[in-house]
Amino acid sequence: MSDHPASGADVRIVWFRDDLRLSDNPALSEACRDDGPVVALYILDDVSPGIRPLGGARRWWLHHSLQALAIDLQAIGIPLLLRRGPAGKVLPEVVEAVGARQVHWNRRYTAAGIAIDTALRTDLKAQGVEVESHNGSLLIEPFAVTKGDGGWFKVFTPFWKAARERIGTPRSPLPVPKPRQAPALDVTGDRLVDWGLLPTKPDWSGGLAKTWTPGEAGARERLETFLDDGLARYKAQRDEPAAGAVSMMSPYLAFGEISPVTLWHAAAAAGGGRSDASVEKFLAELGWREFSYHLLYHFPDLGQQNFQPRFDGFSWKGDPAALAAWQKGQTGYPIVDAGMRQLWRTGWMHNRVRMVVASFLVKHLLIDWRAGEAWFWDTLVDADPANNAASWQWVAGSGADAAPYFRIFNPILQGEKFDTAGRYVRDHVPELAGLPDKWLNKPWQAPSDVRRRADVRLGKTYPEPVVDHDAARQRALAAFQEIKDQA
Ligand code: FAD
């Protein structure tokens, strides 16, 4: 590697993190504002204290996303430099190597991310390097919305009301910038392939590749599909996993390949500027993402620690066999298994089914929500430190503004109610496809001749239920009773 300063002074670095896009990227736009040459940097940091390494599904996505980003940046004359290591060391090295006078980044909100960025800002400033940070990933940052008494929100509805008042109409999305000078760069970075982000032996990514096109162009394409064919049905059908009425924007948001500001304006424009129930519902879901970040910022241990301390005394069962059955989609409850197999195959799961499978793990199997959160972290392409943690705690009942613990989803009824025609279950659990709708969500109750005709042999082609629903429900309620009265 040869580290010679780029020729031409006043180089700016844009440090890309969870904002892998060119449009509506405040850090990139600011860096390109005047004449100086711009260098883009991505650091793969899985070693700094507190930084949680990406799960397998997100590593696959990151590889493809960085490939797309490099091509998009090249088209506007900006080289993308890849480096691996602790950001606190790597960034100052790159600053020196390219002779940068300015560094721009979009802010992040995990405790570890904030600590690294704060220390870097101090170090770089001490070296005379200007550091500018921006809001690139939220409609409103967690510290910009407060309760009347100055505190932070623990309940969604008042949070979103206050947040919407503060947001008003978000600023217009920023266009892709046009830097005036390409840097003459004599600094080399890592080769993406050498990071080994893609799975080999075995390569399990076939279903991901069929489902997704990572990168900014893929985000736009998916958004267009949603605007044309999902948004108008969103309010009515967003709970039906086979309806295709949701946006599937979550991985693109998690990697910052599209901004919430862009989504907001796209949805509002599609609603024709009129008040529209589907548009409002969609904006409120973006609001849940904002709320999760609000919680994470103010309660940084959201992913590890019960928000309600009384849950610290809950007697979770360590049950590796049941956990494995859940992970593999072999619980014997069709809607749960369909969800877990959709997750494994595509790296994504419909929200209604996420709630059902999470409730099943925590309540029917009495397995600690942190085991579920960790599995999702590894397998979801949209695994997000705020949304994943907040949602698991919401389902478990241990979170802020959580579902009450005694609300235990019945996996049979959930399947019958939200997958009425059985399309979702038949798609992901094909060995049950021949069962009539009436028995699809409870194959063990089907008369034996019905099962025989459908070629379903319990315990052979499809598992018996790992737990009995009614007994599991009673057991969960009794376990909750033990911590119920604690503060
Ligand atoms: P849409 O319905 O089209 O919503 C648009 C966007 O709004 C989503 O992309 C997402 O950014 C946001 N959103 C929607 N619902 C929620 C919600 N309940 N909480 C927070 N934000 C929301 N979402 C993640 O992005 N990453 C996660 O790691 C994650 N883990 C979850 C774990 C559990 C146990 C549960 C119950 C939910 C989890 N969610 C997570 C929230 C939600 O399921 C997904 O955001 C949603 O299914 C993504 O699909 P979509 O983009 O089609 O959503």
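Computed from a predicted structure; not experimentally measured.

**Focus on the UniProt feature "site: Electron transfer via tryptophanyl radical" (unreviewed entry) in the protein**
According to UniProt, the positions carrying the feature "site: Electron transfer via tryptophanyl radical" (unreviewed entry) are Trp316, Trp369 and Trp392. Cross-referencing the annotated residues with the largest pocket identifies Trp392 as lining it. As for its position among the elements, Trp369 is in helix α15 (residues 369-379). When its relative accessible area of 0% is taken as the criterion, Trp369 is described as buried. What Trp369 contacts, discounting residues up to four positions off in sequence, is Leu302, Gly303, Gln304, Gln305, Asn306, Trp316, Val362, Trp392, Gln393, Ala396 and Ser398. Position of Trp392 relative to the elements: it lies in helix α16 (residues 385-396). With a relative accessible area of 2%, Trp392 lands in the buried category.

**So, helix α3 (residues 87-98)**
Look at α3: 16 Å from first C-alpha to last across twelve residues, which is about the 16 Å you get at 1.5 Å a residue. Turning to α3, its buried residues are Ala87, Val90, Leu91, Pro92, Val94, Val95, Ala97 and Val98. Gly99 sits one or two residues past α3 and shows a positive phi near 70 degrees.

**Here we look at the side chain of Glu216**
Position of Glu216 relative to the elements: it lies in helix α7 (residues 216-229). No salt bridge is formed by the buried Glu216, whose closest oppositely charged neighbour, Arg220, lies at an N-O distance of 5.3 Å. Setting aside anything within four residues of it in sequence, one finds Glu216 in contact with Arg21, Leu22, Ser23, Asp72 and Glu257.

**Observations concerning the sheet that holds strand β4 (residues 80-84)**
Here five strands make up an open sheet; going across it, the order is β4-β3-β2-β5-β6 and the pairing parallel. In this open sheet, the two edge strands, each paired with only one partner strand, are β4 and β6 (130-134). Along the sheet, successive strands turn relative to each other by an average axial angle of 25 degrees, direction set aside. In this structure, strand β2 (residues 11-16) lies alongside strand β3 (residues 38-44), joined through five bridges in parallel fashion.

**Quick word on the packing of α3 against helix α4 (residues 111-126)**
Relative to each other, α3 and α4 sit at 35 degrees, their axes nearing to 10 Å. Viewed along their axes, α3 and α4 form a crossing whose handedness is right-handed. Counted together, Ala87, Gly88, Leu91, Pro92 and Val95 of α3 and Ile116, Leu120 and Leu124 of α4 form the full contact between these two elements. Here the residues of the contact of α3 with α4 sort into seven nonpolar, one polar and no charged.

Calculation criteria
Residues numbered from 1 in each chain as written. Predicted model: local features only at pLDDT ≥ 70, side-chain atom pairs only at ≥ 80, totals over all residues. Heavy atoms only, no water. UniProt positions renumbered as here; feature names shortened; annotations may be inferred. 1 Å grid on protein atoms, 1.4 Å probe; cavity = no way out; pocket = protein on both sides within 12 Å on 5 of 7 lines; lining within 4 Å. Helix = DSSP H or I, 4+ residues; strand = E, 2+ residues; numbered from the N terminus. Buried < 20%, exposed > 50% of the residue type's maximum accessible area, 1.4 Å probe, protein only. Contact = heavy atoms within 4.5 Å. Expected span 1.5 Å × (residues − 1). Lys, Arg positive; Asp, Glu negative; His and termini not counted. Salt bridge = Lys/Arg side-chain N within 4 Å of Asp/Glu carboxyl O. Pairing = 2+ DSSP bridges. Axes fitted to C-alpha atoms, helices over the stretch in contact; angles between N-to-C directions. Left-handed = near helix turned anticlockwise from the far one by under 90°. Nonpolar A, V, L, I, M, F, W, Y, C, P; charged D, E, K, R; others polar.

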